[in-house]
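Below, each chain spelled out in residue letters.
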Amino acid sequence: MSPDTQSIVCSPLEHAPLQWARELLANGEAIELLTNPSLGLRFPIRDGIPTFVEAHQITGINGRFRRIYDDWAPFYDLLSRVGLYVLGVSEVKLRRDFVGSLDIKRGDRVLATSVGTGSDLPFLPPDCRFHGLDQSPEMLRICQKKALKLGLSAELFVGQAENLPFVDASFDMVYQMGGINFFGDQAMAIREMVRVARPGSKIVIMDETEKVARRLEHIPGIRDWFRHQRRPIVAPIALIPPGMEQLESRELCRGQAWYLSFRTPH
Ligand SMILES: C[S@@+](CC[C@H](N)C(=O)[O-])C[C@H]1O[C@@H](n2cnc3c(N)ncnc32)[C@H](O)[C@@H]1O
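Okay, so let's go over this structure. (Residues numbered from 1 in each chain as written. Predicted model: local features only at pLDDT ≥ 70, side-chain atom pairs only at ≥ 80, totals over all residues. Heavy atoms only, no water.)

**As for the overall build of the protein chain**
Then, number 1: Helix and strand counts for the protein chain stand at 6 helices and 11 strands.
Then, number 2: In terms of overall dimensions, the protein chain is globule-like: its C-alpha atoms have a radius of gyration of 18 Å, near the 18 Å expected for 266 residues.
Then, number 3: Across its three principal directions, the C-alpha atoms of the protein chain cover 55 × 45 × 35 Å.
Then, number 4: Counting over 266 residues, the protein chain shows a buried share of 52%.
Then, number 5: In the protein chain, the share of contacts with a sequence separation of at least 24, taken over all contacts with a separation of at least 6, comes to 64%.
Then, number 6: Of the accessible surface of the protein chain, which amounts to about 13,000 Å², a share of 57% is contributed by carbon and sulfur atoms.
Then, number 7: Taken as two groups, the 32 positive and 32 negative side-chain charges of the protein chain have centres that lie 4 Å from each other. (Helix = DSSP H or I, 4+ residues; strand = E, 2+ residues; numbered from the N terminus. Rg over C-alpha atoms; globule rule 2.2 N^0.38 Å. Buried < 20%, exposed > 50% of the residue type's maximum accessible area, 1.4 Å probe, protein only. Contact = heavy atoms within 4.5 Å. Areas by Shrake-Rupley, 256 points an atom, 1.4 Å probe, with all protein chains shown as cover. Lys, Arg positive; Asp, Glu negative; His and termini not counted. Charge placed at Lys NZ, Arg CZ, Asp CG, Glu CD.)

This is the structure we're talking about:
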């Protein structure tokens, strides 16, 4: 982890400072971790990815989706490309346009709060400082490989969008694509995006609309994903905290995705 990133990382619940440590286990194995000894907090760094939440700590809808995405991770890129094709959407165009809409400037510190396998990475400006968080370590493993292959530096974190492990006002741009419809607590996830964004930062949230969710519901294997989700899927405008500026809400891909953007006040 770069010193720059270390300066913005904190524990996800207490927002306590963390320090990097290396420990030697009884069996001689060396492990790296982020710790706060006075609070007894320890977050292991596995294959270079700090882990802020373990499988057994994730319950409810989030627990179900962690298992689903961990299992489906090796097939995710292919499935999403084919799925979008069936819906008449070019993934390359969708991601290029989406990333273009984020207004990322040179040197910006950017956070994606459910980065998945990092399918946006090829479209990001190479000179941004990219950070990706996801609750599925298997999705992140693929993201890490993709970043290496592209020669991009991406700082990755296993964590939950509802409890971000970053100090207030850390990022110049915060976004989320394709996860929030099924987050356990959407309101908390949006509040967290706002908390970690600097004053005047752009925040963008996008996911599929009801139209697509109800179509996916008929596909065997995927039907189960929607078991809990009986309420209509709409853009969560009502959950945007008061005082946000330049709020924009629109539909993309012929009504198959909703898109929300706003800025934190200066
Ligand atoms: C449909 S994928 C989208 C991935 C990526 N953003 C993309 O555009 O391909 C949804 C992602 O959200 C992640 N996810 C679901 N609930 C989450 C939560 N509460 N916190 C963080 N990540 C979550 C899943 O693990 C999965 O990687």
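**Describing the sheet that holds strand E6 (residues 129–134)**
Then, number 1: Ordered by their spatial adjacency, 7 strands build an open sheet running E7-E6-E5-E8-E9-E11-E10, and the pairing between neighbours is mixed. At either margin of the open sheet sits one strand with a lone partner, and together these are strand E7 (154–158) and strand E10 (245–252). Pairwise comparison of adjacent strand axes, ignoring direction, gives a mean angle of 15° for this sheet.
Then, number 2: Two elements, E6 and E7, share 5 bridges in a ladder whose sense is parallel. (Pairing = 2+ DSSP bridges. Axes fitted to C-alpha atoms, helices over the stretch in contact; angles between N-to-C directions.)

**Regarding the site of the ligand**
Then, number 1: The environment of the ligand is formed by 20 residues, the closest being Tyr 76, Arg 95, Ser 114, Asp 134 and Met 177.
Then, number 2: A distance of 3.3 Å is found between a nitrogen atom of the ligand and a side-chain nitrogen or oxygen belonging to Asn 62.
Then, number 3: One of the backbone N or O atoms of Met 177 is found 2.7 Å from a nitrogen atom in the ligand.
Then, number 4: Isolated, the ligand exposes 600 Å² of accessible area, and the fraction of that covered by the protein chains is 96%. (Near = heavy atom within 4 Å. Polar contact = N/O pair within 3.5 Å; in protein donor to acceptor, adjacent residues only side chain to side chain.)

**Notes on a nonpolar patch on the surface**
Then, number 1: Judged by side-chain polarity, Leu 78, Val 82, Tyr 85 and Val 86 come together as a nonpolar surface patch covering roughly 470 Å² of accessible area.
Then, number 2: Examined against the element boundaries, Leu 78 turns out to sit in helix H2 (residues 60–86). (Patch = residues over 30% accessible without salt bridge, like charges linked within 9 Å, V, L, I, M, F, W, Y side chains within 5 Å. Salt bridge = Lys/Arg side-chain N within 4 Å of Asp/Glu carboxyl O.)

**A few points about the sheet that holds strand E4 (residues 49–50)**
The strands that make up a sheet are held in pairs by hydrogen bonds between backbone atoms, and each pair lies either parallel or antiparallel.
Then, number 1: Taken in spatial order, the 4 strands make up an open sheet running E1-E2-E3-E4, and their pairing is antiparallel. Taken across any chain shown, the strands that pair with only one partner, and hence form the sheet edges, are strand E1 (19–24) and E4.
Then, number 2: Of the pairings in the sheet, the one linking E1 to strand E2 (residues 30–36) comprises 6 bridges and is antiparallel in character. Each residue of the ladder has a partner; that of Trp 20, found in E2, is Leu 34.

**A word on unusual backbone geometry**
Then, number 1: The phi angle at His 15 is positive, at roughly 55°, despite the residue not being glycine.
Then, number 2: Positionally, His 15 belongs in the loop between helix H1 (3–6) and E1.
Then, number 3: Using a relative accessible area of 32% as the deciding quantity, one classes His 15 as partly exposed.

**Structural notes on the nonpolar core**
Then, number 1: Counting residues in each nonpolar core, the largest one holds 35 residues, and the members touching the most others are Leu 111, Phe 166, Val 174, Ile 203, Ile 205 and Phe 262.
Then, number 2: For this core, the secondary-structure elements that each account for two or more residues are strand E3 (41–46), strand E8 (171–177), helix H5 (186–196), strand E9 (197–208) and strand E11 (257–263).
Then, number 3: Of all hydrophobic cores here, the second largest spans 32 residues; its members include Ile 49, Phe 98, Leu 121 and Tyr 175. (Core = buried A, V, L, I, M, F, W, Y, C linked by side-chain atoms within 4.5 Å.)

**Side note on H5**
Then, number 1: Of all the 11 residues making up H5, 8 are buried; the element is thus mostly covered by neighbouring parts of the structure.
Then, number 2: For H5, the full list of buried residues reads Gln 186, Ala 189, Ile 190, Glu 192, Met 193, Val 194, Arg 195 and Val 196.
Then, number 3: Each element contacted by the buried residues of H5 is listed here: strand E5 (109–112), E8, E9 and E11.
Then, number 4: N-cap assignment for H5: the residue whose side-chain oxygen lies 3.3 Å from the backbone N of Ala 187 is Asp 185.

Taken by themselves, the reported measurements are silent on function.
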